[in-house]
Amino acid sequence: MSLHVIVGAGPVGSATARLLADRGEQVRIVTRRGTGPDHPAIEKVAADASDPSTLTKLANGASALYNCAGAPYHQWPTYLPPLAAACLTAAHATDAVLVTTSNLYGYGPVDGPMTEQTPQRATSVKGRLRAHLWREALAAHEAGDVRATEVRGSDYLGADTQSLLSMLVLPKVLAGARVSVPADLDAPHSWTYTGDVARTLVTVGADERAWGRPWHVPSAAPVSMRELAARACALAGAPAPRLSTMPKAVLWLGGLSDPLVRELRETQYQFRRPFLLDSSATTTTFGIEANPLAESLREMVA
């Protein structure tokens, strides 16, 4: 039985903790408020994980350290860098494998499916930040200071996730209301199940073939926002969704008073054009298959 330390108790951190605990591993989950899943094998600790000395003490003896923590969408530049730095410090001091949960922002706008070899040419503040944090972790790995890897997924499906789909679309369409969406409703889009993120994190953290490079989470075949909303309504027994595309000017105006809406402006390319994730390398290397889209969506709707 090994100790695994997880920073963050959101959908991914909690799923990872439960997966490891159910396998008989010892899990320590670190959050500011000491939250996390209830399980005999999960120890919940209230601490500031961005403090390097604190995190190093908590990660002492761990075989892997998983950075699954999130931050308010408009405050990534404030919260994510010190947390990433603390994780690097703790991984170096304890020799725990550092496994970071990330996304596709670092690639920026691309034509065609994104692979792990796609150059990171982000045009947004959040995208450049994600790319920078990975370069720092990779440099530490290549210098022999840590063993590091990164897991990247697209917009999440699953219980308690936060996305354009879960926060704006589903609450309205399942209630039978019309919704205006800042997206091309028919553009194919990749969606990633949080349970598959957890399985990928645990797998790459334990396999030295994974270290020193990023991996994409196995994800179901892309579907459009319109199709996904229709499937969700069918699962819930709700009327067919009534969707319309929000003009860019309306989104821009909304951002004048709402910081969250303002942050959506710079990543509009993810929803105004095809946004496709190629995860074949992970499936080929580790044998991980994506959870069926219907099951992931059913969990989210429930």
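In what follows, the accompanying structure is described. Within each chain, residues carry numbers counting from 1 in the order of the written sequence. Restriction of local features to residues with pLDDT of at least 70 applies here, the model being predicted, together with a cutoff of 80 or more for giving and counting side-chain atom pairs; totals for whole chains, interfaces and linings are based on all residues. The basis for every side-chain value is the complete set of non-hydrogen atoms in the structure, without hydrogens or water.

**Considering the sheet that holds strand 2 (residues 26-31)**
With parallel pairing, the seven strands of this open sheet are ordered in space as 3-2-1-4-5-6-10. Bordering the open sheet on either side are strand 3 (42-46) and strand 10 (214-216), each of which pairs with just one other strand. Between one strand axis and the next, the sheet turns through 20° on average, direction left out of account. When DSSP finds two or more bridges between two strands, those strands count as paired. Counting from the N terminus, the helices are the DSSP runs of H or I reaching at least four residues and the strands are the DSSP runs of E reaching at least two. For strand 1 (residues 3-7) and strand 4 (residues 62-67), the ladder comprises five bridges, and the chain directions are parallel. Within strand 4, the position partnered with H4 by the bridge is A64. Axes here refer to lines fitted to C-alpha atoms; in helices the fit is confined to the stretch in contact. Angles between the N-to-C directions go from 0 to 180 degrees.

**Notes on the environment of L185**
Its location among the elements puts L185 in the loop between strand 8 (178-181) and strand 9 (191-193). Exposure is judged per residue with a 1.4 Å probe applied to protein chains only, and the accessible area is read against the type maximum: over 50% gives exposed, under 20% gives buried, and values in between give partly exposed. Its relative accessible area of 2% is what places L185 among the buried residues. For the pair L185 and A84, spaced 101 residues apart in the sequence, the C-alpha separation amounts to 35 Å.

**A look at a nonpolar patch on the surface**
A surface patch of nonpolar side chains, about 340 Å² in accessible area, is lined by W252, L253 and L256. Here W252 is to be found in helix 8 (residues 248-254). When its relative accessible area of 46% is taken as the criterion, W252 is described as partly exposed. Here, patches come from residues exposed beyond 30% relative accessible area and free of salt bridges, joined within 9 Å for like charges and within 5 Å for nonpolar side chains (Val, Leu, Ile, Met, Phe, Trp, Tyr). Areas reported here follow the Shrake-Rupley algorithm with a probe of radius 1.4 Å; residue values treat only the protein chains shown as occluding. Here, a salt bridge means any side-chain nitrogen of Lys or Arg that lies within 4 Å of a carboxyl oxygen of Asp or Glu.

**A look at helix 2 (residues 52-59)**
The complete set of buried residues in helix 2 reads L55, T56, L58 and A59. Along the axis of helix 2, the buried positions cluster into a sector of 165°, meaning they face one direction only. The contact definition used throughout considers only heavy atoms, calling two residues in contact when any of these lie within 4.5 Å. Where helix 2 is buried, its residues touch strand 1, strand 2, strand 3, strand 4 and helix 3 (76-94). With its phi angle positive at about 90°, G61 sits one or two positions after the end of helix 2. By arc we mean the arc of the directions from the helix axis to the C-beta atoms, nothing more.

**Overview of the side chain of S279**
Mapped onto the secondary structure, S279 falls in the loop between helix 10 (269-272) and helix 11 (280-286). Polar contacts here mean pairs of N or O atoms no more than 3.5 Å apart (in protein, one a potential hydrogen donor and the other a potential acceptor; neighbouring residues in sequence count only if both atoms are side-chain atoms). Within the structure, S279 has its side chain in polar contact with the backbone nitrogen of S219 (distance 3.3 Å). Other than its neighbours up to four places away in sequence, S279 contacts H216, V217, P218 and S219.

**What about unusual backbone geometry?**
Glycine aside, negative phi is the norm for most residues, and most peptide bonds take the trans geometry. Phi is positive for D95, which is not a glycine, with a value near 65°. Note on placement: D95 falls in the loop between helix 3 and strand 5 (97-103). Of note in the backbone geometry, D160 takes a positive phi value of approximately 65° without being a glycine. Of note, D160 is situated in the loop between strand 7 (155-157) and helix 5 (164-173).

**Points about the pairing of strand 4**
The element strand 4 is extensively covered by neighbouring structure, given that five of its six residues are classed as buried. In terms of strand pairing, strand 4 meets strand 5 through four bridges, oriented parallel. Counterpart to Y66 in the pairing with strand 5 is V99. Handedness of the crossover joining strand 4 and strand 5 through helix 3: right-handed. With strands facing away from the observer, any crossover in which the path from the first strand over the helix to the second runs clockwise is taken as right-handed.

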